[in-house]
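Analysis of the macromolecular model
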Amino acid sequence: PRTDRLFDRFRRTGDPRVLAKVVDATAPELWRVAAHLCRDRHAAEDAVQGAFLSAIEARADWDAARPLLPWLLGHLANRVREQHRVSRRVPDPARFELPTVADPADVAAVREVSALCRDALQRLDEPYRTTLERHLVGGLAPHEIASELGVPPGTVRMRRHRGLDQLRQKLPASVLAGGAVASQVPPASLVAMREVVLGAVPGGAAVAVAGHVGSFLIGALVMNKVLLVAASAVVVLSLWLA
């Protein structure tokens, strides 16, 4: 893919203009996933921005024989996990507030969505249903599921991927659209993230100033694969366990 070739060129030359093209092309996809993993827009911004900064530092570790986007998403996932660890260490003022009575309509809505998720999972084909039950409900990692079922970890990851795709197809569109942050990245967020990321490399600040939001929108259109499967899986998990 063109984006992979561009990133390979950037890590060989350090050209910030090439890095800008990579950011423009991949930021919308990273945001879609971050929007479903993070609680608010600012957390999503920090996660995507941090993923790019981490990738820049570790650019020598990327295997050019493998796709770039999943590698970037791995950095994104690490940033989100770190955010969650920090948030658990910081006391939440809401814990000290008196509990409020839940709106019966909200409770009914949560129960309805939870029922839809459970029903969709039960209608999955085997072995995908068993794999997703252990992953989403049991919280097991792929290697743990592999050990339990006596199959290779790669097989578990394949079943998880296909099972999530089946699950997404069986869920109503209203459930998949239930992320806490808009899946379309705000222009202001794009500009801010681009400026910080490009500013991390020599000469990047000037390139960031010369850039504009339209390049992000173009990048979103040229991407061939939309990673909504991972995002929808997070939505399913969060709603189910609510």
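Summary of the structure given here. As the structure is a prediction and not an experimental result, all values here were calculated from the model. (Residues numbered from 1 in each chain as written. Predicted model: local features only at pLDDT ≥ 70, side-chain atom pairs only at ≥ 80, totals over all residues. Heavy atoms only, no water.)

Structural notes on the nonpolar core
Selection criterion: Among buried residues, those of type Ala, Val, Leu, Ile, Met, Phe, Trp, Tyr and Cys that are joined through side-chain atoms within 4.5 Å constitute a nonpolar core. We call a residue buried when its accessible area falls under 20% of the maximum for its residue type, exposed when it is over 50%, and partly exposed in between, using a 1.4 Å probe and counting protein chains only. For helices the rule is a DSSP run of H or I covering at least 4 residues; for strands it is a run of E covering at least 2, with both sets numbered from the N terminus onward. Only heavy atoms matter for contacts: two residues are in contact if any of them lie within 4.5 Å across the pair.
Leu30, Val48, Phe52, Trp71 and Leu76 are the most contacted members of the largest nonpolar core, which totals 39 residues. Secondary-structure elements contributing two or more residues to this core are α1 (2–13), α2 (16–37), α3 (41–57), α4 (68–89), α10 (187–198) and α11 (204–210). For this core, the element with the most residues is α2, which contributes eleven residues. If near-sequence neighbours (up to four positions away) are discounted, Leu76 is found in contact with Leu30, Val33, Ala34, Ala47, Val48 and Ala51. In this structure, Leu121, Leu124, Leu164 and Leu167 belong to the second largest nonpolar core, which totals six residues.

Quick notes on the packing of α2 against α10
Describing two packed helices takes the angle between their axes plus the distance from one axis to the other. For clarity, the cut-off: Here an axis means a line fitted to C-alpha atoms, over the contact stretch when the element is a helix, while the angle between two N-to-C directions is reported on a 0 to 180 degree scale. By definition in this entry, angles of less than 35 degrees are roughly parallel, angles greater than 145 are roughly antiparallel, angles of 65 to 115 are roughly perpendicular, and the rest are oblique. When the near helix sits turned anticlockwise from the far one by under a right angle, the crossing is termed left-handed; a clockwise turn instead gives a right-handed crossing. Following the grouping adopted for this structure description, the nonpolar residues are Ala, Val, Leu, Ile, Met, Phe, Trp, Tyr, Cys and Pro, the charged ones are Asp, Glu, Lys and Arg, and the polar ones are all others, Gly among them.
Viewed as axis vectors pointing N to C, α2 and α10 meet at an angle of 140°, and their least axial separation amounts to 10 Å. When the axis of α2 is compared with that of α10, the two are oblique. Note that α2 runs across α10; the crossing there is right-handed. In contact with Pro16, Leu19, Ala20, Val23, Asp24, Ala27 and Trp31 of α2, α10 contributes Ser189, Leu190, Met193, Arg194, Val197 and Leu198. Of the residues contributing to the contact of α2 with α10, the split by class is ten nonpolar, one polar and two charged.

Examining empty space enclosed by the protein
Going by this rule: Grid points spaced at 1 Å and placed over the protein atoms alone form the basis of the search, with a cavity being a set where a 1.4 Å probe fits but cannot get out and a pocket an open set showing protein on both sides within 12 Å along at least five of seven lines. Lining residues have an atom within 4 Å of a point. Grid points are joined across faces, edges and corners, and a volume is the space filled by probe spheres set on the points.
According to the stated counting rule, one finds one cavity of 30 Å³ or more in the structure shown. In this structure, the largest cavity occupies an estimated 30 Å³ of space. Forming the boundary of the largest cavity are Phe7, Leu19, Val22, Phe52, Ala55, Ile56 and Leu72. Broken down by secondary-structure element, the contributors of at least two residues to the lining of the largest cavity are α2 and α3. Grouping the constituent residues of the lining of the largest cavity by class yields seven nonpolar, no polar and no charged.

So, a positive patch on the surface
Stated formally: Residues form patches when they are more than 30% accessible in relative terms and have no salt bridge. Like charges link within 9 Å. Nonpolar side chains (Val, Leu, Ile, Met, Phe, Trp, Tyr) link within 5 Å. Computed by Shrake-Rupley with a 1.4 Å probe, the accessible areas treat only the displayed protein chains as cover when residues are assessed. When a carboxyl oxygen of Asp or Glu lies within 4 Å of a side-chain nitrogen of Lys or Arg, that pair is called a salt bridge. Charge assignment: positive for Lys and Arg, negative for Asp and Glu; neither His nor the chain ends contribute. Charge coordinates come from a single atom per side chain, which is NZ of Lys, CZ of Arg, CG of Asp or CD of Glu.
There is a patch of like positive charges on the surface, built from Arg2, Arg5, Arg9 and Lys21. Looking at the positive patch, the element that brings in the most residues is α1, giving three residues.

Digging into the environment of Thr3
Summarising the element assignment, Thr3 is placed in helix α1. Residues Thr3 and Ala25, 22 residues apart in the sequence, show an inter-C-alpha distance of 7.1 Å. Other than its neighbours up to four places away in sequence, Thr3 contacts Val22, Ala25, Thr26 and Leu68.

Structural notes on the side chain of Arg159
Its location among the elements puts Arg159 in helix α8 (residues 153–170). Buried within the structure, Arg159 lacks any salt-bridge partner; Glu126 is the closest side chain of opposite charge, at an N-O distance of 7.3 Å. Setting aside chain neighbours within four positions, we find Arg159 in contact with Pro127, Tyr128, Thr131, Leu149 and Val151.

The quantities given are spatial measurements derived from coordinates; they are silent on function.
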